[in-house]
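# Coordinate analysis (summary)
The lines below spell out each chain.
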Amino acid sequence: MEMLLFGVWTLLALTGATEGPFEVSVWPDQALVKCGESLVVNCSTNCPDPGPSGIETFLKKTQVGRGPQWKEFLLEDVTKNSILQCFFSCAGIQKDRSLGITVYQPPEQVILELLPAWVALDEVFTVKCHVPRVAPLENLTLTLLQGNHELHRKTFMSLAVASQRAEVTIIAKAQREDHRCNFSCHAELDLRSHGGGLFHSSSASKLLQTFEFSQHPKIWVSPVMEAETAETVSCGMARVFPARELMFQIFLGDQELSPFLSWEGDTAWANATVRAMETGDHELSCRVSLGPMEQKTRELVHVYSFPPPVLEIEELHPLAGTDINVTCAGHVLTSPSPTLRLQGAPDLPAPGEPVWLSLTTREEDDGRNFSCEASLEVQGQRLIKTTTAQLHVLYKPRLEESGCPGNQTWMEGMEQKLACVPKGNPTPSLVCTWNGVIFDLQMPQKATQNHTGTYSCTATNQLGSASKDIALTVEELNEDILSIVVILIAALGIGIFTLALYFNYLPCKIERRKSPYRQTEENQEEGSQFAVQAETCNTHDMTVI
């Protein structure tokens, strides 16, 4: 390096005139230094025999090289812009050359502030971007972005930079479209005019949340609730945005429920199933939150215990003639005590007292239903619960005339079955014989004269049996009766056919009646249309005839 510089300046000395003017040069001709780094400066002259020389600067300098017509200096820890003077003396004359040193700091950190991060609709929010360390400021450009859309651009070239900070701020009004939009800031330092490069840096993105959250939530729940019974409660809020980001928490006392959320437009609600275990007054609360906002509402719920009353029949399957007791009592967990009513009991007892009924069972009591009704007043509401039970009286079979006639008549040639239904509990089985042979009671029989005779029927259950003889007569089908049946069938068919013709003809008849009036009120074209329609109906009538 030193040999190269010595050769350059030797050549200049040989070609320069010693008596002529001399020049002072400095290298580099533009000095661009990153803040805190060092710079090498070379001062030279074409004077063949230079006198005193050097550089003048407030920066820390160290001479690192020299030759007959040049000197080289190292400037360390350059942190401020400055002007360096390089001077040489030649034949008693001193000349100098200035070198402007520009310090630069790339925008390594770009900070974006979005305040507030959650903003109500139609309220203002602020987007601010600043670069803590950057130089030179006049070469800086800051750009605010919403997504990929440029919101604002600020340059500092024409400003009095001494009083400026590397920041840009805008204020905007929040809209629905801004919800969940990303904002960012891009910094660009252009040093190409100083012989440097182009530096870029961007901030981290910030998310803006817009909302509407002005209404109070509402709870829908019955003021009274039965213990250990599943009930549905609802909590909702209207005029909220964005509704799908709403969070619900529903509590019954200290018990947190598991809500199921639903949305429609700007309305959101939550349904939950609650099962209260303890009686008394409890607070049902609903807490609704959206981002950092929260609202709460509460309702008082009274929990009562009211199991169904207890209905006891002393014996559910007694024999006919047995004395039994029927008792209606309130459940031990019912609080307060209910008022009881037993179907068939003569008097109403005092509240909480059981009611009972004594009876001697009869065959007619088989299948009789008893009901035990308990009524309870809770918070001004009258609540009623009922328990039912059925009595089954056991008795021997009976073959009564109403269900099993002793004389029966069949018409010859008709499908017939022997009519005999026994009574008894348990349900008896029935067997009928004719001439010693068991007769099929389920399959219809085509009546013939051979079916005439006496049938012996026996009904049996676990308590006993009953028997009865049935006299069956088969009568011949009279020709006069057959003729009457044929005539009735034919008359019925003619009647149906006549009604079908009438209802088919009626619409056309009505249309023909309306045609003259319409022709006087409407134009000729409409009249001709009705004429065509009437002709169509006439043709239809003729077809039917």
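Treat the numbers as computed from the prediction; the structure is a model and nothing was measured.

### Quick look at the pattern of salt bridges
- Scanning all chains against the criterion turns up 21 salt bridges.
- Residue Glu400 pairs with Lys423 through a salt bridge whose shortest N-O separation is 3.3 Å. Remark: Lys423 occurs in strand S37 (residues 423-425) and Glu400 occurs in the loop between strand S34 (395-398) and strand S35 (407-411); sequence separation between them is 23 residues.
- Each of the salt bridges in this network shares a partner with another, and the network as a whole consists of Arg176, Glu212, Arg239 and Asp266.

### Brief notes about the sheet that holds strand S6 (residues 70-78)
- If you trace the 4 strands from one edge of the open sheet to the other, you get S1-S3-S6-S5, paired in antiparallel fashion. Taken across any chain shown, the strands that pair with only one partner, and hence form the sheet edges, are strand S1 (24-27) and strand S5 (60-67). Recorded for the sheet is a direction-independent mean angle of 20° between the axes of neighbouring strands.
- Summarising the sheet, S5 and S6 pair through 7 bridges and their orientation is antiparallel. Across the sheet, Gln63 pairs through a bridge with Phe73, a residue of S6.

### Observations concerning the state of the cysteines
- Scanning all chains against the criterion turns up 7 disulfides.
- Across the disulfide from Cys328 sits Cys372; the S-S distance is 1.8 Å. Its S-S torsion of approximately 65° makes the covalent link between Cys328 and Cys372 right-handed. Taken as a pair, Cys328 in strand S29 (residues 323-329) and Cys372 in strand S32 (residues 368-378) lie far apart in primary sequence, 44 residues in all.
- Disulfide pairing is shown between Cys404 and Cys420; the S-S distance is 2.1 Å. Looking down the S-S bond of the Cys404 and Cys420 bridge, the torsion is -95°, so its handedness is left-handed. Pair noted here: Cys404 is in the loop between S34 and S35 and Cys420 is in the loop between strand S36 (415-416) and S37, with a separation of 16 residues, a long-range link. Of the two residues examined, Cys404 and Cys420, each falls in the buried class.

Reading the values: the criteria
- Residues numbered from 1 in each chain as written.
- Predicted model: local features only at pLDDT ≥ 70, side-chain atom pairs only at ≥ 80, totals over all residues.
- Heavy atoms only, no water.
- Salt bridge = Lys/Arg side-chain N within 4 Å of Asp/Glu carboxyl O.
- Helix = DSSP H or I, 4+ residues; strand = E, 2+ residues; numbered from the N terminus.
- Pairing = 2+ DSSP bridges.
- Axes fitted to C-alpha atoms, helices over the stretch in contact; angles between N-to-C directions.
- Disulfide = S-S within 2.5 Å.
- Buried < 20%, exposed > 50% of the residue type's maximum accessible area, 1.4 Å probe, protein only.

By themselves, these are just geometric observations and shouldn't be taken as functional.
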